[in-house]
Amino acid sequence: MKINKYVTNLAAFATGVTCMYLFFLSQPRVKGVDEKAFVLAVDFYFKDSESLEEFLTAAQAIVKHCLAKEPDTFTYEISRSDKNPLHLQFYERYSNKDDAYMNVHKSSEAFMSFRSKVQQMEKDARVSISGNSFQELGVGYV
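About the criteria used
- Residues numbered from 1 in each chain as written.
- Predicted model: local features only at pLDDT ≥ 70, side-chain atom pairs only at ≥ 80, totals over all residues.
- Heavy atoms only, no water.
- Pairing = 2+ DSSP bridges.
- Helix = DSSP H or I, 4+ residues; strand = E, 2+ residues; numbered from the N terminus.
- Axes fitted to C-alpha atoms, helices over the stretch in contact; angles between N-to-C directions.
- Contact = heavy atoms within 4.5 Å.
- Buried < 20%, exposed > 50% of the residue type's maximum accessible area, 1.4 Å probe, protein only.
- Arc of directions from axis to C-beta.
- Phe/Tyr/Trp six-rings, centres within 6.5 Å; stacked < 30°, edge-to-face > 60°.
- Core = buried A, V, L, I, M, F, W, Y, C linked by side-chain atoms within 4.5 Å.

**Structural notes on the sheet that holds strand β3 (residues 87–94)**
Okay, step 1: The strand order β2-β3-β1-β4 describes an open sheet built from four strands, whose pairing is antiparallel. Single-partner strands in this sheet number two, and they are β2 (73–80) and β4 (127–135). Within the sheet, the average angular offset between the axes of one strand and its neighbour, ignoring direction, is 15°.
Okay, step 2: The strands touched by helix α2 (residues 49–69) are β1 (38–46), β2 and β3; relative to β2, the strand with the most contacts, the crossing angle is about 165°.

Structure (structure tokens):
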């Protein structure tokens, strides 16, 4: 009888620990104190809504890739201008420029495939692209 109670308690404990572990894995990463991420803000101005929708469809694969395979990609978010529905901005945050951005992200097959599609859209004059890169100062929060 004592062994069954012990096994039941052990099983309940293991289940609780597993649930907590899975819960914490599913939570977004929190910015550390004085963290100074490398940031890209890239603007896309589309010729028409069809081009914009094609871009968003293509972006799904790279977004899923970053979330699953790039732990040092802290933020990878697309926003739409509230003044121009054909203007999107890609906001990207990486732990550092040299490794997380240059070596991991930019060299991934997912990025190269996405970039190729976007470059073709730009070549076809379906999108105009401009952007800037920044180094966070560590003042503020995300």
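**Considering helix α3 (residues 97–105)**
It helps to recall that an α-helix has 3.6 residues per turn; residues three or four apart then point in one direction.
Okay, step 1: Among all positions of α3, only A100, Y101 and H105 are buried. The buried residues of α3 occupy an angular sector of 80° when the element is viewed end-on, so they sit on one face.
Okay, step 2: Looking at the buried side of α3, the elements it contacts are β1, α2, β2, β3 and α4 (109–123).

**Overview of the environment of L40**
Okay, step 1: With respect to the secondary-structure elements, L40 resides in strand β1.
Okay, step 2: For L40, a relative accessible area of 11% translates into the label buried.
Okay, step 3: Spatially, the C-alpha atom of L40 lies 5.9 Å from that of N132, the residues being 92 residues apart in sequence.
Okay, step 4: Once you skip the residues sitting within four places of it in the chain, L40 turns out to touch F90, Y91, E92, Y94, Y101, N132 and S133.

**Description of the side chain of T75**
Okay, step 1: As for its placement among the helices and strands, T75 is situated in strand β2.
Okay, step 2: With a relative accessible area of 16%, T75 lands in the buried category.

**Some remarks on the packing of aromatic side chains**
Okay, step 1: Under the criterion given, the structure shown has 10 aromatic pairs.
Okay, step 2: Consider the rings of F38 and Y101, whose centres lie 5.4 Å apart with planes at 45°: the pair is tilted. Of this pair, F38 sits in strand β1 while Y101 sits in helix α3, placing them 63 residues apart in sequence.
Okay, step 3: Residue classification places F38 among the buried residues on the basis of a relative accessible area of 4%.
Okay, step 4: With a centroid separation of 6.3 Å and 80° between ring planes, the pair formed by F55 and F90 is classed as edge-to-face. Separated by 35 residues along the polypeptide, F55 in helix α2 and F90 in strand β3 bring together distant segments of the chain. With respect to class, F55 is no different from F90; both count as buried.
Okay, step 5: Among the aromatic residues, those joined into a cluster by ring pairs are F44, F46, F55, Y76, F90 and F114.

**Focus: the nonpolar core**
Okay, step 1: Counting 22 residues, the largest nonpolar core has F44, F46, F55, F90, Y94 and F114 as its most contacted members.
Okay, step 2: Elements supplying a minimum of two residues to this core: β1, α2, β3, α3 and α4.
Okay, step 3: A per-element tally of this core places α2 first, with six residues.
Okay, step 4: Ignoring anything within four residues of it in the chain, the contact list for F55 reads F44, F46, I78, L88, F90, F114, V118 and M121.

Read these as spatial facts, not as claims about activity.
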